[in-house]
Each structure stands twice: as C-alpha cells, then as structure tokens.
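Descriptive structure summary
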Amino acid sequence: MVWLSPAFPVGAFAYSHGLEWAFEAGDLGDAAALEGWLSDLVAHGALRNDAILLAAAYRAVVAGDEGTLAEVAELSLALSPSAERRLETVTQGSAFLLAIGKSWPCAAVEAFARATGGDAAYPVAVGVAAAGHGLPLTQTLQAYALAFAANLVSAAVRLGVVGQTDGQRITAALLPALVAAAGEAGAATLDDLGGSTFRSDLASLRHETQYTRLFRS
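Report on the accompanying structure. (Residues numbered from 1 in each chain as written. Predicted model: local features only at pLDDT ≥ 70, side-chain atom pairs only at ≥ 80, totals over all residues. Heavy atoms only, no water.)

Brief notes about the packing of helix α2 (residues 31-44) against helix α3 (residues 46-63)
The geometry of a pair of packed helices is captured by two quantities: the angle between their axes and the separation between those axes. Our working rule: Lines fitted to C-alpha atoms define the axes here, with helix axes fitted over just the stretch in contact, and angles between the N-to-C directions of these axes take values from 0 to 180 degrees. Secondary structure follows DSSP: runs of H or I at least 4 residues long count as helices, runs of E at least 2 residues long count as strands, and numbering of each begins at the N terminus. Crossing handedness is read from the near helix: turned anticlockwise from the far helix by less than a right angle, it gives a left-handed crossing, and turned clockwise, a right-handed one. Note on contacts: a residue pair qualifies if any of its non-hydrogen atoms lie within 4.5 Å across the two residues. Under the convention adopted here, Pro, Cys and the residues Ala, Val, Leu, Ile, Met, Phe, Trp and Tyr are nonpolar, Asp, Glu, Lys and Arg are charged, and Gly plus all remaining residues are polar.
Between α2 and α3, the shortest axis-to-axis distance is 4 Å and the interhelical angle comes to 30 degrees. Handedness of the crossing formed by α2 with α3: right-handed. Along its contact with α2, which presents L41, V42 and A43, the element α3 presents A46, L47 and R48. When its residues are assigned to classes, the contact of α2 with α3 shows 5 nonpolar, no polar and 1 charged.

In structure tokens:
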C-alpha cells in the first residue's frame, strides 16, 4: 500500500490517461459519464491489461524464468497505443524501480533494473518488486487496480469533471469491478491480453496535440 499510495514518488499525478482530452471533447460531462468511462477501462482497457502483465511478471520472477520476464517487459512497452501512454507507463515504471531500489532493495529488482536499463512499464516493475519481496499476488493486484482508478478519479476532480464527493462515490462504486479484475488477472496468461476501449486510445492520441494541457497524457 505504501508503494501504491499517492506519496510514493512515481509522478502519477502528472498523467490523466487521456481524460483531459475526453473532458474537453465533451465525453465526460458528469459523474455518470466518468464512472462509465472508468468502468470500461477496468473491464476492457488499460487496467485489465496492466493487471495481466503485472501477474505475468510476478510469476516469472517467482519461477526464476528470465526469458519470460524479458518477453513480458518487451511486450508491455509494445502494447502502448500512443507515445503519451508509453511515456506514462515508462516514466512511472522507471521512477518506481529507482525508488524501490533505494528504499526497498532486493535481488529481483536489482537484476531487472540492470537488464532493462531502468526503463520498464509500470505494472511490470510493480510485479517484479512484489515477487522479489514475497508479497501476495492477489493483494498486489488489488492495490494496483485501486491506485489506477484513484489516480484517474483525482485527475478528473482536478479537471473539474466532478467534485471531491462524487469522486469518492465513483471510487466506491468501482471497487467490486476492481476486485474482480484483480482476481481474473491472477489466473490469466499473456494470451488473454486485449482491449476494446477505442475512444480512450483515441483520446491519448488527441491529447498529444491538445492546445491547453494540465497533464502529460
């Protein structure tokens, strides 16, 4: 929970995952629209894939399978649908590895950082660290899922899509889906990767040229 709290220095506050463009385009006009958008990301989009990649990295570390871990690390970067989404995951992943290496070092993190040169997708970095420290996979996935949703709710509050109270109501409403996504990811394989949140992917592409921006993605 410490690693995935807003206080951990990965810079998550700087990214909106395309929400900023979606808000400007009129897709996110109220709390119901935001909840629907985030629910889709959990069930069919980036959060689902992130959780599967985290679990795959975790299992590879536990098994001592360096080849599979390298495949997961490479695939996680290749799946980024836009330059900003790649920036989002690599910048946070690299910052996470650096902070973990300084504060909670372990052999798995040190070996992974050397192998990747410090550039890693965020969920993969979390999976490596969790496995290296013997943390339970299910709870790690749940904490990651909650952090993902909470950060986007926070971004929406700062954009003015919803207020603080509605933001908390949305987070509460998403909890069952987040727990379900974590459970499914724990049993999934790389063959289960996939998504269908095209509007979110388009939003990240459009955000690259958005004139006025608060966020990096």
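Next, the rest of the story.
Topic: the environment of S16
Keep this limit in mind: N or O atoms closer than or at 3.5 Å make up a polar contact, with two conditions inside protein: a donor-capable atom paired with an acceptor-capable one, and, for residues adjacent in sequence, both atoms drawn from side chains.
On the secondary structure map, S16 appears in the segment before α1 (19-25). Residues within four places of S16 in sequence aside, it is in contact with L152, A155, F215 and S217. Side-chain polar atoms of S16 contact the backbone nitrogen of E20, separated by 3.1 Å. At a separation of 2.6 Å, a polar atom in the side chain of S16 contacts the main-chain carbonyl oxygen of S217.

Quick notes on the nonpolar core
Condition: To define a nonpolar core, start from buried Ala, Val, Leu, Ile, Met, Phe, Trp, Tyr and Cys residues and group those joined through side-chain atoms within 4.5 Å. When a residue's accessible area, from a 1.4 Å probe over protein chains only, is under 20% of the maximum for its type it is buried; when over 50% it is exposed; and in between it is partly exposed.
In this structure, L34, L38, F96 and V124 are the most contacted members of the largest nonpolar core, which totals 72 residues. Among the elements that line this core, the one with the most residues is helix α8 (residues 137-159), at 13 residues. Apart from residues no more than four positions distant in its own chain, F96 is found in contact with W3, F8, V10, Y122, A125, V126 and A129.

A closer look at the packing of aromatic side chains
Any aromatic ring pair is given by two values, namely how distant the centres are and how the planes are angled relative to each other. Quick note on the threshold: A pair of Phe, Tyr and Trp rings is counted when the ring centres sit within 6.5 Å of each other, with Trp represented by its six-membered ring. The angle between the planes then sorts it: under 30 degrees is stacked, over 60 is edge-to-face, the rest tilted.
For the coordinates displayed, the defined rule picks out 6 aromatic pairs. Both rings, one in W3 and one in F96, keep their centres 5.9 Å apart while their planes meet at 80 degrees; by these two values the pair is edge-to-face. You can see W3 sitting in the segment before α1 and its partner F96 sitting in helix α5 (residues 83-103), a full 93 residues away along the chain. Ring plane angle 70 degrees and centroid distance 6.0 Å describe the contact between W3 and W104, whose orientation is recorded as edge-to-face. With W3 in the segment before α1 and W104 in the loop between α5 and α6 (107-116), the pair connects residues that are 101 residues apart, well separated along the chain. Three or more aromatic residues joined by ring pairs make a cluster, and in this case those are W3, F8, F96, W104, Y122 and Y144.

By themselves, these observations are geometric and do not establish any function.
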